[in-house]
Amino acid sequence: MRGDNRGQVLTIEALVATFILFIVLAVVVEATSVTPLTTSFTNQHVKYELQNMGQDILASLDGAPVAGTNLDKAPSRLEQSVSTWLQGSYTLYQAGDTPPTKGDWYTYDGVQFFKSATTSAYHEAQTPLEQALTFAFSPNGIAYNVEVRYPDVDANGNVAVYSAKMIWNGDPSDNCVTVSRYVALHDVDATDPANTVNLPTGSFLISDFSPTTSLHNVVEVRLTLWVM
Amino acid sequence: MRPYQDHPDGQTSLDFLIGITIFLLAFIFVFAFIPKMFTPFVSNSDQLTMAADRAAEALVESVLIDTTHTDQDFAGGFPAIPDGAARPGIINGAKYLQLQDHISAADPVGHYYSPGDVIQMKKTLGLGYGKSVSTAAEDFYHFNITLSKYDPAHPQVPVDDKISPDRYPSGANVGQSKRFVLLFDPTAAGDKYTMAVLTVRVW
């Protein structure tokens, strides 16, 4: 046995080396790879909450009539929000402010005002949609974009779908949720001329695709939500 | 029995054994804890979140939904829409008060929740473990309902209206569901629709 005392060490080394190899293989095979696209449960639940809240806002605003109007023929509050934006008929915050332009898009400053992207016009949250978004989302650190998609005729006479921004607070993050709802916009009816929600004759960003009826257009309001 | 100094190699195996054991223990420890460093927030509240979603849906879409339509928005002699027609996302503020009062009728000053009424409410909201005939409190989840209403006088500070028969737990998982609703109050002077967020928490 003299000079032969290394036999034990070789065997133990071999055993340990095999053991380490095996452990590494097991860990590699069993480990969950965490990539940027991996959704943890907490992340997914936040998205469900945002989706529910967004759908609720669009549905409930589309079911409530404009304040103080006849429920029978009244536009919904969601239609009022889209129409106010199209007509640019926001109330000025102070006399002497730059009046808003038709179909312009706005950015929320995080505190109180929606500021126009192209002019220096700004207004507080006025339309029912703006009020709902600032009430439900802004205090909780959730950002939102509102876009409106509408059909129009392009230069060749084909119908295409265009997208316009109503509220734009930046590019959404990777974990955003988009909800949408179709809204019908109407022309001012001769029997209800005091109705300032519906669109009078004139040119707007979203054109009248049915000039002989009181329907103006059918648009898709898309609300994108993400956690800042 | 040669002296110890002549053959010290005999101790190497023991040293090696101790050393390799400590090494392996450290190795296994590191491998066991590295995955946990990447996923620190593990929550087992799948079931609770589903229960909270179900309860919020039951509240917003059937228990509290407004079917009266007798608001004064009807001017000029238009007839009111008959009861039964429900508008999604529009709940009746009076029904929410009734819900609060129903389970606190015994105490007109505060909100006393009688156990029988609380269990009945939990059955209505689907917060049981599948035991609809049970009357034991431990067969049902605990819950808390909060209605955060918009206050025009203080736009940044919503008014919270709670139904809370159970205290919040200190260490357990809590499932939550939030819904946005419009509260309809036909007797309101100005705008009859108020924005509110209904939060249901279950544990």
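Residues numbered from 1 in each chain as written. Chains lettered and ligands numbered in written order. Predicted model: local features only at pLDDT ≥ 70, side-chain atom pairs only at ≥ 80, totals over all residues. Heavy atoms only, no water.

What follows covers the overall build of chain A. Scanning chain A from N- to C-terminus turns up four helices and seven strands. Listed by position from the N terminus, the elements making up chain A come as α-α-α-β-β-β-α-β-β-β-β. Per-residue burial over chain A gives 39% buried out of 228 residues. Long-range pairs, those at least 24 residues apart, make up 60% of the contacts in chain A with a sequence separation of at least 6. With an accessible surface of roughly 12,200 Å², chain A has 56% of that area assigned to carbon and sulfur atoms. (Helix = DSSP H or I, 4+ residues; strand = E, 2+ residues; numbered from the N terminus. Buried < 20%, exposed > 50% of the residue type's maximum accessible area, 1.4 Å probe, protein only. Contact = heavy atoms within 4.5 Å. Areas by Shrake-Rupley, 256 points an atom, 1.4 Å probe, with all protein chains shown as cover.)

Quick look at the overall build of chain B now. Secondary structure summary: chain B contains four helices and five strands in total. N-terminal to C-terminal, the α/β element order of chain B is α-α-β-α-α-β-β-β-β. When burial is assessed residue by residue, chain B has 35% of its 203 residues classed as buried. When contacts within chain B are restricted to residue pairs at least 6 apart in sequence, those whose partners lie at least 24 apart make up 59%. For chain B, the exposed area adds up to about 11,900 Å²; of that, 61% sits on carbon and sulfur atoms.

So, about the layout of surface pockets. The calculated volume of the largest pocket comes to roughly 600 Å³. Elements that contribute at least two residues to the lining of the largest pocket include exactly α4 (128–136) of chain A together with β2 (143–149) and β5 (193–202) of chain B. For the lining of the largest pocket, the class distribution of residues is 13 nonpolar, 10 polar and four charged. (1 Å grid on protein atoms, 1.4 Å probe; cavity = no way out; pocket = protein on both sides within 12 Å on 5 of 7 lines; lining within 4 Å. Points joined across faces, edges and corners; volume = space filled by probe spheres on them. Nonpolar A, V, L, I, M, F, W, Y, C, P; charged D, E, K, R; others polar.)

Below, the discussion takes up a nonpolar patch on the surface. Residues and elements named next belong to chain A. A cluster of nonpolar side chains, contributed by Val 24, Leu 25, Val 28 and Val 29, occupies part of the molecular surface with about 380 Å² of accessible area. Along the chain, the position of Val 24 falls in helix α1 (residues 7–30). On the basis of relative accessible area, Val 24 is assigned to the partly exposed category, the value being 34%. (Patch = residues over 30% accessible without salt bridge, like charges linked within 9 Å, V, L, I, M, F, W, Y side chains within 5 Å. Salt bridge = Lys/Arg side-chain N within 4 Å of Asp/Glu carboxyl O.)

Our focus in this paragraph is α4 of chain A. Buried residues dominate α4 of chain A, accounting for eight of its nine residues. For α4 of chain A, the complete set of buried residues consists of Pro 128, Leu 129, Glu 130, Ala 132, Leu 133, Thr 134, Phe 135 and Ala 136 of chain A.

We now examine the sheet that holds β2 of chain B. Here we have five strands laid out as an open sheet, ordered β1-β4-β5-β2-β3 (chain B), and mixed in their pairing. The sheet is open, and its two edges are formed by β1 (90–92) and β3 (159–163) of chain B, each paired on a single side. This sheet shows a mean twist of 35 degrees between the axes of neighbouring strands, independent of strand direction. Pairing analysis gives five bridges linking β2 of chain B to β3 of chain B, with the strands arranged antiparallel. The residue of β3 of chain B that forms the bridge with Thr 146 of chain B is Lys 162 of chain B. Packing against the sheet, α4 of chain A makes contact with β2, β4 (175–184) and β5 of chain B, and its axis sits at approximately 30 degrees to β5 of chain B. (Pairing = 2+ DSSP bridges. Axes fitted to C-alpha atoms, helices over the stretch in contact; angles between N-to-C directions.)

Further remarks concern the packing of aromatic side chains. The tally for this structure, following the rule as stated, stands at 14 aromatic pairs over all chains. Measuring from centroid to centroid gives 4.9 Å for Phe 113 of chain A and Tyr 122 of chain A, while their planes differ by 90 degrees, and the two rings are edge-to-face. Residue classification places Phe 113 of chain A among the buried residues on the basis of a relative accessible area of 12%. A centroid spacing of 5.6 Å and a plane angle of 80 degrees characterise the contact between Phe 135 of chain A and Tyr 150 of chain B, whose relative ring orientation is edge-to-face. (Phe/Tyr/Trp six-rings, centres within 6.5 Å; stacked < 30°, edge-to-face > 60°.)

What follows deals with the confidence of the model for chain B. Detailed reading of the predicted model is not advised wherever pLDDT is low. All names here are of chain B. Overall, the predicted model of chain B reaches an average pLDDT of 76, with 72% of residues at or above 70. Across residues 71–78, confidence stays below pLDDT 50; counting only partners more than four residues off in sequence or on other chains, it has 24 contacts. Confidence drops under a pLDDT of 50 for residues 104–110, and excluding neighbours within four residues, the segment shows five contacts in the predicted structure. The ipTM for the predicted assembly is 0.79, set against a pTM of 0.78. (pLDDT = per-residue confidence, 0-100.)

Residue and element names in this part refer to chain B. Along β4, nine of the 10 residues are buried, which leaves the element largely enclosed by surrounding structure. For β1 and β4, the ladder comprises three bridges, and the chain directions are parallel. Bridge pairing in β4 places Ile 91 opposite Leu 183. Two elements, β4 and β5, share 10 bridges in a ladder whose sense is antiparallel. Residue pairing in the sheet places Arg 179 in a bridge with Leu 198 of β5.

Within the secondary structure, Val 202 of chain B sits in strand β5. Separated by 51 residues in the primary sequence, Val 202 of chain B and Asp 151 of chain B place their C-alpha atoms 26 Å from one another.

Right, let's talk about helix α3 (residues 77–87) of chain A for a bit. Residues and elements named next belong to chain A. By the criterion of burial, α3 is predominantly enclosed, with 10 of the 11 residues buried. Three or more residues of α3 are buried, namely Arg 77, Leu 78, Glu 79, Ser 81, Val 82, Ser 83, Thr 84, Trp 85, Leu 86 and Gln 87. With its phi angle positive at about 65 degrees, Gly 88 sits one or two positions after the end of α3.

Counting residues in each nonpolar core, the largest one holds 46 residues, and the members touching the most others are Trp 85 of chain A together with Phe 180 of chain B. In this structure Phe 180 of chain B touches Met 53, Asp 56, Ile 57, Ser 60, Ala 132, Phe 135 and Ala 136 of chain A together with Met 195, Ala 196 and Val 197 of chain B, once residues within four positions along its chain are discounted. (Core = buried A, V, L, I, M, F, W, Y, C linked by side-chain atoms within 4.5 Å.)

So, about the pairing of strand β2 (residues 113–116) of chain A. Residue and element names in this part refer to chain A. Where strand β1 (residues 106–108) and β2 come together, three bridges link them in antiparallel fashion. Each residue of the ladder has a partner; that of Tyr 108, found in β2, is Phe 114. Taking the residues between adjacent antiparallel strands as the criterion, β1 and β2 are bridged by four residues, where Gly 110 takes a positive phi near 90 degrees. Pairing between β2 and strand β3 (residues 122–124): three bridges, direction antiparallel. Within β3, the residue paired with Phe 114 across the bridge is His 123. Connecting β2 to the antiparallel partner β3 that follows it, the hairpin turn spans five residues.

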